[in-house]
Amino acid sequence: MLKVLIVDDEPFIALGLGEIIEWNKEGYEVVYTAYNGLQALEYVKENPVDLIIADIQMPVMNGLELLEEVRKINKDTFFVILSGFDKFDYVQRALRSNCTDYILKPVQQEELLEIVRRIALEKNIARNEEVKNKEIEKNFIEHSIRALLNGKYNDETLKQINNSIEKLVDAPSYRYVNVYPMDIGKMKDMDDEEIKNGLKKLKERLINEFPECEQCFVLDTSLSENEYELGFVISSNMLCYQDIICRENSDEEKIKLINQENIYPVSLVVGKEVDNLNKIHRSYSSTFMMRSFIGFFDEKYIYVYEDEVLNNSTEGAVLCTDSLENLIKSIAINDKDKIKQNVELLFNEMEKIGFNQKNMSINMNYLLYRLIYLAVEQDETVNQEEVMQYISENTFEDGINRGGKDHFLKFANEYAEYIIQLRKKVSRGVLSDIEKEIHENYASNLTLRELSKKYFINSSYLGQIFRKKYGISFKDYLCEYRIDKAAYELLHTDKKIVAISEEVGYKDIDYFISKFTEKKGCPPAKYRRGVE
């Protein structure tokens, strides 16, 4: 409802203006009636209004003086002058102060009704344009942060982020915070729409808890092939920075409460501290390092890089070098019997020295370092971040105790299969089949996971070779293909936008509009009008 302020020193006229038209029916609410300009001005200083209707001749402060004072406070408030005098100098002075309209008394219902309807239309157009501009800016900022996280940025990107997110400007330090599912196994059974809706709700809850980070959240970071990537950037200028790092003000309790309502529980994985926003990709990468081994340890609600990686003293810890190396050799040749035997020997040795945090940390760090090196040895085009991403996605298993022998054995066997595929460099010919699948079935719920099962190839490895051939991730390729199809339909048909959204594979219209705006630089409706 648009807020209306009526100002007239004659009470019966002021009352009549309140009754002459059905304000509520026209989308307005008369919030206050003042009987002189000064009284109205005091109200406006504390209570913004959309429309002021004021008499020109009043004691204390007249209508023209009120208009001039209001313009100092708000240039966009609509202002209608009522006058019994058809004097050109009055009209001229009113126009100089950007008066919306000038009505002669006695006020005619039709004339006033025409004005308030015109104002409502202008206000609605302006509001819609503002919403669209905010949506475009939000999508651009998210795109810019995503580029930063992957080390792809320019001075304009940084300038735009600095202009839009005040709390990220000139901060002594920055971190990337990954919102990581505690149970990836559960999410693998969910379809894309469920995941997207879950992410949307999760993002809203997190913003409620960390409101100053609202513009810093980013979905679908391009390094990951999964739709459930969600994270945000924080700077030491933000109040929540120390709360998250030091677990002050019960931030872990906040995550617990969020998890009670969320369809899947999450942890916050806080990357290492960097001293410049253009280095945030290093903090982002460090979250993959942590995620690659925290799956073997007890669950926590917040993991911080310095606590998990740097501050775990290894003094007094015992490294089971021989057992670890024997396990790595059996993984390298994919010998299932020897893998099982060497996992047994490793756990027997760990039991003797004690399953404490120090011993677990030093042995897991050594093993994961060697496994990453082993993968890169098989295929020099694979980078460490891709391998850490694979490990982080495969260290969590539903129904298997974290860090237990069964959990560890399953991971070792799956990693051995991964190494074999890297070594053989599984035929890139499968990519042409997958490209054909996208072109023919882009509107279906295509996922890398399901395609990997169909073509008998590890999903993480398939994602890696797909990126190498096409230069972008599978999900980005699918998204771009869908959006291009939607763009064609917008320009060549009169189908409704919601129908086009569903036809190209997006049941969630808001998600479609967000992705379309990100890819094409403007919302679908504006694109259809030919404004690119």
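Thresholds applied
- Residues numbered from 1 in each chain as written.
- Predicted model: local features only at pLDDT ≥ 70, side-chain atom pairs only at ≥ 80, totals over all residues.
- Heavy atoms only, no water.
- Phe/Tyr/Trp six-rings, centres within 6.5 Å; stacked < 30°, edge-to-face > 60°.
- Helix = DSSP H or I, 4+ residues; strand = E, 2+ residues; numbered from the N terminus.
- Buried < 20%, exposed > 50% of the residue type's maximum accessible area, 1.4 Å probe, protein only.
- Salt bridge = Lys/Arg side-chain N within 4 Å of Asp/Glu carboxyl O.
- Axes fitted to C-alpha atoms, helices over the stretch in contact; angles between N-to-C directions.
- Parallel < 35°, antiparallel > 145°, perpendicular 65-115°, else oblique.
- Left-handed = near helix turned anticlockwise from the far one by under 90°.
- Contact = heavy atoms within 4.5 Å.
- pLDDT = per-residue confidence, 0-100.
- Pairing = 2+ DSSP bridges.
- Core = buried A, V, L, I, M, F, W, Y, C linked by side-chain atoms within 4.5 Å.
- Arc of directions from axis to C-beta.
- Polar contact = N/O pair within 3.5 Å; in protein donor to acceptor, adjacent residues only side chain to side chain.
- Right-handed = clockwise from strand over helix to strand, strands pointing away.

1. Brief notes about the packing of aromatic side chains
Taken as a whole and assessed by the stated rule, the structure comprises 17 aromatic pairs. When the ring of Phe-210 is compared with that of Phe-232, the centres are 6.0 Å apart and the planes differ by 25 degrees; the resulting orientation is stacked. Taken together, the positions of Phe-210 in the loop between helix 8 (192-209) and strand 7 (217-219) and Phe-232 in strand 8 (residues 230-235) put the pair 22 residues apart, joining distant regions of the chain. As far as the burial class goes, Phe-210 and Phe-232 line up, both buried. Ring geometry for Phe-347 against Phe-408: centres 5.6 Å apart, planes inclined by 65 degrees, an arrangement best described as edge-to-face. Highlighted residues: Phe-347 in helix 14 (residues 336-353) and Phe-408 in helix 17 (residues 405-424), separated in sequence by 61 residues.

2. Regarding the pattern of salt bridges
Between side chains of opposite charge, a pair can form when the charged atoms approach closely. In this structure the tally under the stated criterion is 25 salt bridges. For the salt bridge of Glu-42 with Lys-45, the shortest nitrogen-to-oxygen distance reads 3.7 Å. Linking Glu-42 with Lys-45, this pair stays in helix 2 (residues 37-46), spanning three residues, or about one helical turn. Overall, the relative accessible area of 48% leaves Lys-45 in the partly exposed class. Lys-336 serves as the salt-bridge partner of Glu-417, at 3.3 Å between the closest nitrogen and oxygen.

3. Regarding the packing of helix 5 (residues 109-149) against helix 6 (residues 155-164)
Interhelical geometry of helix 5 versus helix 6 gives an angle of 130 degrees and a closest axis separation of 10 Å. Between helix 5 and helix 6, the interaxial angle falls into the category oblique. Here helix 5 and helix 6 pass one another in a crossing that is left-handed. From helix 5, Glu-137, Phe-140, Ile-141, Ser-144, Ile-145 and Leu-148 reach across to helix 6, where they touch Thr-157, Leu-158, Gln-160, Ile-161 and Ser-164.

4. Observations concerning the environment of Tyr-461
By secondary structure assignment, the location of Tyr-461 is in helix 20 (residues 459-470). When its relative accessible area of 0% is taken as the criterion, Tyr-461 is described as buried. With 43 residues separating them along the chain, Tyr-461 and Tyr-418 place their C-alpha atoms 7.2 Å apart.

5. Section: the confidence of the model for the chain
Per-chain confidence: the chain averages 81 in pLDDT, with 84% of residues scoring 70 or above. Contacts of residues 397-401 to residues separated by more than four positions or lying in other chains number six contacts, the stretch itself having pLDDT below 50.

6. Section: the packing of helix 13 (residues 321-332) against helix 14
Between helix 13 and helix 14, the shortest axis-to-axis distance is 9 Å and the interhelical angle comes to 165 degrees. Judged on the interaxial angle alone, helix 14 and helix 13 are roughly antiparallel. Crossing hand, helix 13 versus helix 14: left-handed. Taking contact as the criterion, the partners of Ser-323, Leu-324, Asn-326, Leu-327, Ser-330 and Ile-331 in helix 13 are, on helix 14, Lys-338, Ile-339, Asn-342, Val-343, Leu-345, Leu-346 and Glu-349.

7. Comments concerning the sheet that holds strand 6 (residues 174-181)
Taken in spatial order, the five strands make up an open sheet running 7-8-6-9-10, and their pairing is mixed. At either margin of the open sheet sits one strand with a lone partner, and together these are strand 7 and strand 10 (302-304). Averaged over neighbouring strand pairs, the angle between their axes works out to 20 degrees when direction is ignored. Sheet topology note: the strand 9 (residues 266-270)/strand 10 ladder contains three bridges and is parallel. When the bridges of strand 10 are listed, Val-270 appears paired with Val-304. In the packing of helix 11 (residues 280-294) onto the sheet, contacts are made with strand 6, strand 8, strand 9 and strand 10, and the angle to strand 6 comes to roughly 35 degrees.

8. A word on the nonpolar core
Core analysis: the largest hydrophobic core is formed by 114 residues, its most contacted members being Phe-232 and Tyr-415. Ranked by size, the runner-up nonpolar core spans 22 residues in total, among them Met-61, Leu-64, Cys-99 and Tyr-102.

9. Section: helix 3 (residues 63-73)
All of the buried residues in helix 3 are Gly-63, Leu-64, Leu-66, Leu-67, Val-70 and Arg-71. Along the axis of helix 3, the buried residues cluster in a sector spanning 155 degrees; they form a single face. Two or three places before Leu-64, at the start of helix 3, stands the capping residue Asn-62, its side-chain oxygen 3.0 Å from that residue's backbone nitrogen.

10. A look at the pairing of strand 4 (residues 78-83)
Where a strand is regular, its side chains alternate between the two sheet faces. Counting buried positions along strand 4 gives six out of six residues, so the element sits mostly inside the fold. Here strand 4 shows a buried face lined by Phe-78, Val-80 and Leu-82 and a second buried face lined by Phe-79, Ile-81 and Ser-83. Two elements, strand 3 (residues 51-55) and strand 4, share five bridges in a ladder whose sense is parallel. When the bridges of strand 4 are listed, Leu-51 appears paired with Phe-78. Regarding topology, helix 3 serves as the crossover connection from strand 3 to the parallel strand 4, and that connection is right-handed. As judged from the four bridges shared by strand 4 and strand 5 (residues 101-104), these two strands associate in the parallel manner.

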